Amino acid sequence: MTSKNLTETIKRVVSQEELSDESDVRRATAPFQAAFPYERDEEAQITRREFCNFLGLTSAALFVGAAGFAGKAALDARGSEALPVAHIDGAEALAPNSSLNFSYPTERESAILVRTADGAYHAYGQKCTHLSCPVYYSRQHQRLECPCHEGAFDVANGNVLYGPPPRALDAIQVEMRDGQLWAIGRNASAANEGS
Ligand code: FES
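Scoring rules and cut-offs
- Residues numbered from 1 in each chain as written.
- Predicted model: local features only at pLDDT ≥ 70, side-chain atom pairs only at ≥ 80, totals over all residues.
- Heavy atoms only, no water.
- Helix = DSSP H or I, 4+ residues; strand = E, 2+ residues; numbered from the N terminus.
- Buried < 20%, exposed > 50% of the residue type's maximum accessible area, 1.4 Å probe, protein only.
- Contact = heavy atoms within 4.5 Å.
- Salt bridge = Lys/Arg side-chain N within 4 Å of Asp/Glu carboxyl O.
- pLDDT = per-residue confidence, 0-100.
- Polar contact = N/O pair within 3.5 Å; in protein donor to acceptor, adjacent residues only side chain to side chain.
- Pairing = 2+ DSSP bridges.

**Describing the overall build of the protein**
Step number 1: Within the protein one finds 5 helices and 11 strands.
Step number 2: Looking at the protein as a whole, 36% of its 195 residues are labelled buried.
Step number 3: Within the protein, contacts between residues separated by at least 24 positions form 48% of all contacts whose residues are at least 6 apart in sequence.

**Considering the pattern of salt bridges**
Pairing between side chains of opposite charge can happen when the charged atoms of each approach one another.
Step number 1: With the rule as written, the count across this model stands at 4 salt bridges.
Step number 2: Across the salt bridge formed by Glu 145 and Arg 143, the nearest N and O atoms sit 2.7 Å from each other. Like Glu 145, the residue Arg 143 is buried in the burial classification.
Step number 3: As a salt-bridge pair, Glu 175 and Arg 177 come within 2.8 Å of each other at their nearest N and O atoms.
Step number 4: With relative accessibility at 33%, the residue Glu 175 sits in the partly exposed group.

**As for the confidence of the model for the protein**
Step number 1: Residues at a pLDDT of 70 or more form 55% of the protein, whose mean pLDDT is 78.
Step number 2: With pLDDT under 50 throughout, residues 58–76 is counted as low confidence; its partners more than four residues away or in other chains account for 3 contacts.

**Quick word on the side chain of Asp 170**
Step number 1: Among the secondary structure elements, Asp 170 is positioned in the loop between β9 (160–162) and β10 (171–177).
Step number 2: A distance of 2.9 Å separates polar atoms of two side chains, one belonging to Asp 170 and the other to Arg 167.
Step number 3: Discounting chain neighbours no more than four positions away, the residues touching Asp 170 are Ala 123, Tyr 124, Gly 125, Arg 186, Asn 187, Ala 188 and Ser 189.

**What about the pairing of strand β3 (residues 98–103)?**
Step number 1: The alternating pattern of β3 places Ser 98, Leu 100 and Phe 102 on a buried face and Ser 99, Asn 101 and Ser 103 on a face that is not buried.
Step number 2: Where β3 and strand β4 (residues 110–115) come together, 6 bridges link them in antiparallel fashion. By the bridge assignment, Ser 103 is partnered in β4 with Ser 110.
Step number 3: In this structure, the hairpin formed by β3 and β4 is closed by a connection of 6 residues.

**Some words on the environment of Pro 96**
Step number 1: Inspection of the secondary structure assignment puts Pro 96 in the loop between β2 (86–87) and β3.
Step number 2: Between the C-alpha atoms of Pro 96 and Arg 139, which are 43 residues apart in sequence, the distance is 9.7 Å.
Step number 3: If we skip the residues at most four places from it in the chain, Pro 96 touches Arg 115, Thr 116 and Ala 117.

Have a look at this one:
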């Protein structure tokens, strides 16, 4: 599926205001899932196979090396990154209970800014933490949803609400300065906070 088709499909899903719950979203996103195939049973099979392979590894050196990489990745994932400060165009005019897309920290990294019904701003990297589909804001459900495999995230903190995503969205820190909203950094999540 091309990115244009992906965008069109997301627009179609977002525009279906009659959707009311997860089963409706599941039905609406069924065609999407063909482009991003994912079977939970298969995932369980893969996990078992990987576990058996792991048991077959007897080299202590290899194990220590892998553990070192895993530890570094975990530390990196929890860290707050020092990133450029960038104004988010259009943020101040954004109506409550709506969203806009922007790029941060680079032009190639898509992010989503949500202004909730109470007027607060929340921003996240747009990549779903499952298989990297772009999440969108559901105005009806007031949450971030992933159209590929029925994942959903809490708009207030990025935590997973349901579905296969293994961790919260990466949060982008925002700050209002002299009436303008700026992106000032990013927190890569390791897991749902408080879970
Ligand atoms: S990519 Fe699978 S739930 Fe988002």
